[in-house]
Amino acid sequence: MIANPKPLINLVNKVKYEVGIKKLPKGNYHAFVLDYPSVRVIANSQDEAIKELSQRLQNFLKYTEIINLEIELPKREDPWMKFAGMFKDDPLFDQVLEAIQDYRNEIDAEEEE
């Protein structure tokens, strides 16, 4: 199964975008395109907001080239790696591991009761 790409293009040369519409405390409506948060309007009614947003999105797309950009993510060091092996030469390390295991066994025994 292939996921539908955004935006969805149908056969009559139309594009569908997901839009957020929020009623504001003063009764106005804030509408915005989820894929383009800078494309937004505030209007007196929900219908007016949708109409204005549609026009604003058309104007935005008229002067905007949309491309796919693929980048390689930078290689990041795992932040915990700097601690790996830091106790390898500690003479008490085996005793600490044994104490941890004893405590785990104690808790397991309590849970079984």
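It should be emphasised that the depicted structure is a prediction, and the values quoted were computed from it without experimental measurement.

A.B. asks: Please give an account of a nonpolar patch on the surface that cites residues and values.
C.D. replies: The grouping of Trp80, Phe83, Met86, Phe87, Leu92, Phe93, Val96, Leu97 and Ile100 at the surface amounts to a nonpolar patch, some 900 Å² of accessible area in total. Its location among the elements puts Trp80 in the loop between α1 (46-62) and α2 (93-112). A relative accessible area of 64% places Trp80 in the exposed class.

A.B. asks: Describe in detail the pattern of salt bridges, supporting the description with residues and values.
C.D. replies: Close approach of charged atoms lets side chains of opposite charge pair. For the structure on display, the rule yields one salt bridge. We note a salt bridge from Lys75 to Glu72, for which the minimum N-O separation is 3.9 Å. For Lys75, a relative accessible area of 77% puts it in the exposed group.

A.B. asks: Tell me what's going on with the sheet that holds strand β5 (residues 36-43), and back it up with residues and numbers.
C.D. replies: If you walk across this open sheet you meet the three strands as β3-β4-β5, and the pairing is antiparallel. Since the sheet does not close on itself, it has two edges, and those belong to β3 (19-23) and β5, each with one partner. Neighbour-to-neighbour, the strand axes of this sheet turn through a mean angle of 20°, independent of strand direction. Bridge count for β3 against strand β4 (residues 29-33) is five bridges, and the pairing is antiparallel. Looking across to β4, one finds that Ile21 is bridged to Ala31. Along the sheet, α1 contacts β3, β4 and β5; its crossing angle with β5, the most-contacted strand, is approximately 145°.

A.B. asks: Provide a residue-level description of α1, including the pertinent values.
C.D. replies: If you check α1, its first and last C-alpha atoms are 24 Å apart, about what 17 residues at 1.5 Å a residue would give, namely 24 Å. Along α1, the residues classified as buried are Ala49, Leu53 and Leu57. Down the axis of α1, the smallest arc covering the buried residues is 65°, so these residues share one side. The exposed set on the far side of α1, more than 90 degrees from its buried face, consists of Asp47, Lys51 and Lys62. Elements in contact with the buried residues of α1: β3, β4 and β5.

A.B. asks: Lay out the nonpolar core with the relevant residues and their values.
C.D. replies: In this structure, Tyr17, Tyr29, Ala31, Val33, Tyr36, Val39, Val41, Ala43, Ala49, Leu53 and Leu57 together form the largest nonpolar core, which totals eleven residues. Listed by contribution, the elements that provide at least two residues to this core are β4, β5 and α1. With four residues, the top contributor of residues to this core is β5. What Ala31 contacts, discounting residues up to four positions off in sequence, is Gly20, Ile21, Val39, Arg40, Val41, Ala49 and Leu53.

What counts as what
- Residues numbered from 1 in each chain as written.
- Predicted model: local features only at pLDDT ≥ 70, side-chain atom pairs only at ≥ 80, totals over all residues.
- Heavy atoms only, no water.
- Patch = residues over 30% accessible without salt bridge, like charges linked within 9 Å, V, L, I, M, F, W, Y side chains within 5 Å.
- Areas by Shrake-Rupley, 256 points an atom, 1.4 Å probe, with all protein chains shown as cover.
- Salt bridge = Lys/Arg side-chain N within 4 Å of Asp/Glu carboxyl O.
- Helix = DSSP H or I, 4+ residues; strand = E, 2+ residues; numbered from the N terminus.
- Buried < 20%, exposed > 50% of the residue type's maximum accessible area, 1.4 Å probe, protein only.
- Pairing = 2+ DSSP bridges.
- Axes fitted to C-alpha atoms, helices over the stretch in contact; angles between N-to-C directions.
- Contact = heavy atoms within 4.5 Å.
- Expected span 1.5 Å × (residues − 1).
- Arc of directions from axis to C-beta.
- Core = buried A, V, L, I, M, F, W, Y, C linked by side-chain atoms within 4.5 Å.

Function cannot be inferred from these measures alone, as they are strictly geometric.
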